[in-house]
Amino acid sequence: MAALLSDAATLPLNATDRSTPSPGAPASSRRPDDAASSLADRDVSQLTRGVWLRSITGLLLIALLATATFLILHDVLSINRSAATVVNISGRQRMLSQRAALFATRLVVARDAEERAALRRELDRVTRLMQSSHEGLTRGSAALGLPATLSPALQALYFGSPAQLDRQVRDYLDHLHGLMRHVDQQPGTLPPQLQAITAAASGVLLKTLDDAVVQYEQESAAEVARAIRYEQIVYGGTLLALLLEAALIYRPLVARVRRATERLLRQQQFSDQVIDTSQALIIGLEPSGRIALFNQHSQQVSGRSEAEVRGQDFFSTFLPPQLAADAVVRRQFLGRVEPGAQAPRTETPLLTHDGRHLTIEWSNTELRDPLSGRTLLHLATGVDITARKQAQQALQQALQRTEALGARLRQEVAHAAQLQRAMLPPPEITLPGLQGLARLTTSTEVGGDYYDHYAVDGRHAVFLIGDVSGHGVASGTLVSAAKMAVHQLANQGETDPAAILEHLNEALLTASHDSMFMTLLACSLDARTGRLRVANAGHVFPYVWIEADQGWGMVEAEGLPLGRVQQPAYAAIAFDIAPGDRLFLYTDGVIEQEDRQRQPFGSEGLEALLYRQASADPATLVEQVFSAVQRHAGRPHFDDDVTALCLAHTGRVEGAPVLPGRLASARDLLQVEAAAVAEAGGLPAPVARQRVVATHASGTLLPLLPALCAAGIRRVLPDDQPFLRALGWQALLAQHTLDDGDDLARWIPAPRQSGDWPLGHSDDKATTLTALGDWLAGLALTAEAAGRPLPEGLADIVRLMADELIENGLYGAPLDATGQKRHAKGTVREVAAHEGLRLQIRHDGQRLGLSMSDHWGTFTPAVFLRRLALNAGQQGLEAGIGGAGLYLMWRMSDYLQIRVQPQRRSQITLLWSLQQAPDPERDSGFQFLYHHELGELPDSASA
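Residues numbered from 1 in each chain as written. Predicted model: local features only at pLDDT ≥ 70, side-chain atom pairs only at ≥ 80, totals over all residues. Heavy atoms only, no water.

### Regarding the overall build of the protein
Inference 1: Along the backbone of the protein there are 28 helices and 26 strands.
Inference 2: Sequence-distant contacts, at least 24 apart, represent 67% of the contacts inside the protein between residues at least 6 apart.
Inference 3: Put simply, the protein shows about 45100 Å² of open surface, and 56% of that area lies on carbon and sulfur atoms. (Helix = DSSP H or I, 4+ residues; strand = E, 2+ residues; numbered from the N terminus. Contact = heavy atoms within 4.5 Å. Areas by Shrake-Rupley, 256 points an atom, 1.4 Å probe, with all protein chains shown as cover.)

Dropping the structure here:
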């Protein structure tokens, strides 16, 4: 511009120079010219000053307008950036709600622990991200670039009625946290929060989140429109200023225009850079549909370069043929958009260079010439929503699978409920000395309440009532396990309530979940004497009506719930009842049922009802209890399972048989005198021989043994043998409660010396016996050196017994499906690894033990008892397994124990005292522990 100004001043100065006199001329001759020169100088000065003033003014005006343009452009970019952030995060909230619902659904149905842990972590991450995003949207977040204030419309949407989006989101997050806690505590059960989560994810919450996204987009568009209007105003002012400068100072304005043009080019480059770095597809279309603009992101997504597609028809290049020829689709992209109108949104597939079909959501705008109104360009801005669509489809498929699974589960639950009802005994109860009625109502298809009853030997009446924690299929499973255990107890003729509870506790420990347990009340009435025994495992106390006192009393028996701890040691309390007395048993659903004011029916309400119905028969009393609880609840169904049972003692029972013997302890064990069993001719069939121990005095057993074997008694212990007392009398009595494990290790847990010889071939017998002989020789030397020599003859007896044990393991234990021996005696054969044939020996300085184990589990009590009976009765030897060998094992050892898990494992263990010499004439104890109900008696099928 300085050059232009210099040119503007040169012309007048040169003209003045042509009429200016020389410096030496007289003053009089220069006066007119000087005046002219002074005037010219003054004019040039004024012109220069005016040009400069106008230039400066123009520059200042252009600078102001440029500054305004920059600020407006900066404002537009800031608005776009902020709007993009807000819209993206609000849109992400919608996506997170769907992902949370999907992960919640998958977490509930997952069965694998690792998969459940992975889903749990992903759901937690999504929940925290959704919560932080919501806090940023409602309260602002500098880290996320979110404003701290909301517009009135958004304020109403988040906190006003009816939308209350803030409350919806927080409730949704609470449901998610609740579901995760439920799955952590009760995996495999259906959380109650899942229905609320899935309903919100596809219902009101989803719609409200969409409304929020739309509102953010509308407000962002309004802000951009406002900035554009300001920019238009500034642009008009700029044009006016340019016209004024062109009219006033043309040449200086040329330089200003040139600089402005350069500035505009730079701005255009910046705009191009913004377009190319945008993460949206931006495609400019001419009115004919040909591509004029194709940004960098579009090239990356489509796999085509700008040079390749520029000038090509957009529709035939990127849309499927059926859409490319659709006039409606063309109008959506090339139609006229009125100023201020919302840009229409369109979803179409987009064909990529490699043949993939992507789903794009387009927002189409129209760029026009502001003067002529002619359309310059149609701008299609697209977002790749393929992943979102796929996620929606996956969620829909997951929901469909969940619905199908739910239908199947409902059907299975219905079947389980039907099976559970079929397992319950009849509600009308008729037992020795008792008559009454039971009624059970479940709050869900499968309940957790349970009652049962059975009679034993025409004399004892056993009745139970229980309640499993929780509801549903899991509770029903525990009830089924309890029913199976009670059925077994009924077959065994168990009448001790404490023993019943201990047996049920063991059964439920293997069947229950860590968080589940069962309360149960067990009662047993001796109808001959009126003696009632009650044992309680955490159940509500029952009531007893004493006819003589005309009053109800509470039976306060206590104990831990079933399925919580090992060996809880239940104890029964006993008292007598008279004919006419009644018993009322119930579950906590009766007293915990609440009315509409959330007040429970309570023990006071129950006791008042019992007194009002004191003269009612059992059936009437039960019906009155149910009616009263229904009236209290105000509806026919209950919040919990409800069970009530009332029994009346109708009279004594005469002439019922009595088992010889006594209860050995609180465990389910009957200890009898061997002589009494022989004199009575045996025991009643329902008594399980596994739980019967016959005791006798030393020297009296042999004549009684045939009768004991005929009665199926397979646990016989002399009660005056010091060696058995040293083993531990209670430990001997409790052997039937054990199952898996090594009996030799139980009796000698801390050996000083041990030997272990697995057998892999029949030829190993010789080498094993040789190794055993060396082991015994070493033991003899050690004992001799310590001044405590081995009892005389013990080493020879041990070797003899080992020979019998190995022979039985090789040829007696392997039986086929028909019970026939697989291998003839003396056959040379391989011993397979699965047979588990193994000889062990150990001692601890006080006792020595020898054991043989196998994995056949074919030895039965019937075979054992028949061999003992044949030899003890001197009826000769019978060919086959064991023969005299079993008899010798018993007579030559101080204690013989055989434990068999049928078809799984057998172990024969012999123990000797190292403090006394073996004596075949001394009665030693033996126990055959057979963990199955078959093979109980010598004439059973398994024999």
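### Observations concerning the confidence of the model for the protein
Inference 1: Considering every residue of the protein, the mean pLDDT works out to 82; 86% of them sit at 70 or more.
Inference 2: Here residues 1–41 is modelled with pLDDT under 50, and outside its nearest four sequence neighbours on either side it reaches 25 contacts, counting other chains as well.
Inference 3: Contacts of residues 933–943 to residues separated by more than four positions or lying in other chains number 27 contacts, the stretch itself having pLDDT below 50. (pLDDT = per-residue confidence, 0-100.)

### Digging into the sheet that holds strand β5 (residues 375–384)
Inference 1: With antiparallel pairing, five strands are arranged side by side in an open sheet as β2-β1-β5-β4-β3. The open sheet has two edge strands with one neighbour each: β2 (291–294) and β3 (345–351). If you compare each strand with its neighbour and ignore which way they point, the axes differ by 30° on average.
Inference 2: Inspection of the sheet shows β3 paired to strand β4 (residues 357–368) by seven bridges, in the antiparallel sense. (Pairing = 2+ DSSP bridges. Axes fitted to C-alpha atoms, helices over the stretch in contact; angles between N-to-C directions.)

### Looking at helix α27 (residues 861–872)
Inference 1: The end-to-end C-alpha distance of α27, which contains twelve residues, comes to 16 Å, matching closely the 16 Å that a straight helix rising 1.5 Å per residue would cover.
Inference 2: Of all twelve residues in α27, eleven are buried, a share of seventy percent or more.
Inference 3: Within the span of α27, buried status applies to P861, A862, V863, F864, L865, R867, L868, A869, L870, N871 and A872. (Expected span 1.5 Å × (residues − 1). Buried < 20%, exposed > 50% of the residue type's maximum accessible area, 1.4 Å probe, protein only.)

### Here's the deal with the side chain of D581
Inference 1: Turning to its location among the elements, D581 is positioned in the loop between β14 (573–576) and β15 (582–586).
Inference 2: One buried charge, D581, has no salt-bridge partner; the nearest side chain with opposite charge is R652, at 7.5 Å.
Inference 3: In terms of polar contacts, D581 uses its side chain to reach the backbone amide nitrogen of E547, at 2.7 Å. (Lys, Arg positive; Asp, Glu negative; His and termini not counted. Salt bridge = Lys/Arg side-chain N within 4 Å of Asp/Glu carboxyl O. Polar contact = N/O pair within 3.5 Å; in protein donor to acceptor, adjacent residues only side chain to side chain.)

### Here we look at the sheet that holds strand β8 (residues 449–456)
Inference 1: The strand order across the open sheet built from five strands is β8-β9-β10-β11-β14, with neighbouring strands paired in antiparallel fashion. A strand with exactly one partner marks an edge of an open sheet, and here the two such strands are β8 and β14. When strand polarity is set aside, the average angle formed by the axes of neighbouring strands in this sheet is 15°.
Inference 2: Most of the contacts of helix α16 (residues 497–511) go to strand β10 (residues 518–526), to which it runs at about 150°, and overall it touches β8, β9 (460–468), β10 and β11 (531–537).

### A look at the packing of aromatic side chains
Inference 1: According to the stated counting rule, one finds 20 aromatic pairs in the structure shown.
Inference 2: Centroid distance F314 to W362: 5.8 Å. Interplanar angle 90°. Geometry classified as edge-to-face. Remark: W362 occurs in strand β4 and F314 occurs in helix α11 (residues 314–318); sequence separation between them is 48 residues.
Inference 3: Using a relative accessible area of 0% as the deciding quantity, one classes F314 as buried. (Phe/Tyr/Trp six-rings, centres within 6.5 Å; stacked < 30°, edge-to-face > 60°.)

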